[in-house]
Amino acid sequence: MDLLDTLTAKGLRGEVPTREEALAVLATTDDELLDVVAAAGKVRRRWFGRRVKLNYLVNLKSGLCPEDCNYCSQRLGSKAEILKYTWLKPDQAAEAARAGVAGGAKRVCLVASGRGPTDRDIDRVTDTMAAIQEADPEVEICVCLGLLSDNQAERLKAAGADAYNHNLNTSEKTYGDITTTHTYADRVDTVKKAHGAGLSACSGLIAGMGESDEDLVDVVFALRELGSDSVPVNFLIPFEGTPLAKEWNLTPQRCLRILAMVRFVNPDTEVRIAGGREVHLRSMQPLGLHLANSIFLGDYLTSEGQAGQTDLDMIKDAGFEVEGAGEATLPRHRADVAAASSAASACGTAASACGSGGGCGPCGGHAHAPASEDTPASAVEDTDASDGELRSDLVKVRLRGAGTELAPNA
Ligand code: SF4
């Protein structure tokens, strides 16, 4: 297939495909799927070998968010029966983090619901990071607290954070359909603030919100342009009690095509399968490892994942290996680009305007942005047969780990 030969050749050189080529990946048929996975898998192995980076989520503060992100189980007005609690104490968070590190996680992701942190919240997270690093000095720490105000990214960097997560989630064109309490521009601003302060930028998307192929391609190219070092690909978790609980727009095949497209556009960037992996890829999860080089271990913020040991077994059975603490994730040239970009931003352009906005990581939830009229037929046909039904059998609320008396899943 000419398309795949072209994309593979470009990916092996670290070149980005055209927008039309990225759209063509999403329009491939199920008969072509294994060829697509094999082609993108060559690109993945060129830059990341067979390594899989494990990340572990610690939800520092759960639920009761004043923002209205339609996809999120923690949103304003959510009736999802998730755990709700205020800030974990540093020792509680450190205990949860330790479980993830013991399970093989190289990065701990500290997440709190809310529009953005207060300066007091930055103090709390500073204490939490110190408690985690005292026990595990090698562990990478990514922080996800919503929209940042001026100097907060610098404070997090000085306190020992390695990365900051803030997802763009969907295209600029449809962003207003999923959230009204902050804007796409707010989100871009926070990613730039984080990068400008020298933090590695982790920013990704959510698929399955009724978006068109064009929306997906738009957001993935925007992430590439923004210089995201890590691109988490979330597949919407339709929680009961959220506006989009009955929407199921994904099949395992569609998820694999999306992951392949993200890999081709970000050949040498960390691509992570994030929330919704078990819900939507189901028995096809191992094929996702041929495309992404990073996953979350165990549970998500408000939903349960498969057992941590099952994640580890899957990686081994599929012929991959867990990335060690001493191994670099990004290829050397990408790490250099990230460092240069941070230095340039820090020189002046970093703190542009506003300072608030909202949003965090793979909370789960769901928003509906109607597909455009020019949505390819393949995308429309590629809808799960369960569209319109609640699937509580697939979505399991997290009732263990952080914020409970029960042991974490790691
Ligand atoms: S994504 Fe973040 S900001 Fe948006 S509702 Fe959920 S917790 Fe709040």
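With 12 residues, helix 1 (residues 2-13) extends 17 Å from end C-alpha to end C-alpha; this agrees with the ideal 16 Å at 1.5 Å per step. Among the residues of helix 1, those classed as buried are Leu3, Leu4, Leu7, Thr8, Lys10 and Gly11. Buried positions in helix 1, seen along its axis, are confined to an arc of 165° and lie on one side of it. Seen from the open side of helix 1, the exposed residues pointing more than 90 degrees away from its buried face are Asp2, Asp5 and Arg13. Where helix 1 is buried, its residues contact helix 2 (19-26), helix 3 (33-48) and helix 10 (252-265).

A few words now on the packing of aromatic side chains. All told, the structure shown has 2 aromatic pairs when counted by the stated rule. Look at Tyr175 and Tyr184: their rings are 6.1 Å apart centre to centre, the planes differ by 65°, and that puts the pair in the edge-to-face class. Tyr184 shares its class with Tyr175; the two are buried. Look at Phe296 and Tyr300: their rings are 6.2 Å apart centre to centre, the planes differ by 80°, and that puts the pair in the edge-to-face class. In this structure, Phe296 and Tyr300 share a single accessibility class: buried. Lying over the aromatic face of Trp47, Arg46 brings its terminal NZ or CZ to 4.0 Å of the ring centre. Between the NZ or CZ atom of Arg50 and the centre of the ring of Phe320, over which it lies, the distance is 5.0 Å.

Next up on the list: the pattern of salt bridges. Counted under the stated rule, the structure contains 26 salt bridges. A salt bridge links Arg257 to Asp30; the nearest nitrogen and oxygen atoms lie 3.2 Å apart. On the criterion of sequence distance, the pair formed by Arg257 in helix 10 and Asp30 in the loop between helix 2 and helix 3 is long-range, its members being 227 residues apart. Residues joined in a network through salt bridges with shared partners are Lys53, Arg107, Glu140, Glu270 and Arg272.

Okay, the nonpolar core next. Ranked by size, the top nonpolar core spans 98 residues in total, and within it Val58, Leu156 and Phe235 carry the most contacts. Examining the composition of this core, we find that 9 residues originate from one element, helix 10, more than from any other. Ignoring any residue separated from it by four or fewer positions in sequence, one finds Val58 in contact with Leu88, Ala93, Ala96, Ala97, Val108, Cys109, Leu110 and Val111.

Estimated volume of the second largest pocket: approximately 250 Å³. Taken together, Leu88, Gln92, Glu95, Ala96, Gly401, Ala402, Gly403, Thr404, Glu405, Leu406, Ala407 and Pro408 make up the full set of residues lining the second largest pocket. Class assignment for the residues of the lining of the second largest pocket results in 6 nonpolar, 4 polar and 2 charged.

Take Ala158: it is sitting in helix 6 (residues 152-158). Here the alpha-carbon distance between Ala158 and Thr126, two residues 32 residues apart in the chain, equals 9.2 Å.

Rules of the game
Residues numbered from 1 in each chain as written. Predicted model: local features only at pLDDT ≥ 70, side-chain atom pairs only at ≥ 80, totals over all residues. Heavy atoms only, no water. Helix = DSSP H or I, 4+ residues; strand = E, 2+ residues; numbered from the N terminus. Expected span 1.5 Å × (residues − 1). Buried < 20%, exposed > 50% of the residue type's maximum accessible area, 1.4 Å probe, protein only. Arc of directions from axis to C-beta. Contact = heavy atoms within 4.5 Å. Phe/Tyr/Trp six-rings, centres within 6.5 Å; stacked < 30°, edge-to-face > 60°. Lys NZ or Arg CZ within 6 Å of the ring centre and 35° of its normal. Salt bridge = Lys/Arg side-chain N within 4 Å of Asp/Glu carboxyl O. Core = buried A, V, L, I, M, F, W, Y, C linked by side-chain atoms within 4.5 Å. 1 Å grid on protein atoms, 1.4 Å probe; cavity = no way out; pocket = protein on both sides within 12 Å on 5 of 7 lines; lining within 4 Å. Points joined across faces, edges and corners; volume = space filled by probe spheres on them. Nonpolar A, V, L, I, M, F, W, Y, C, P; charged D, E, K, R; others polar.

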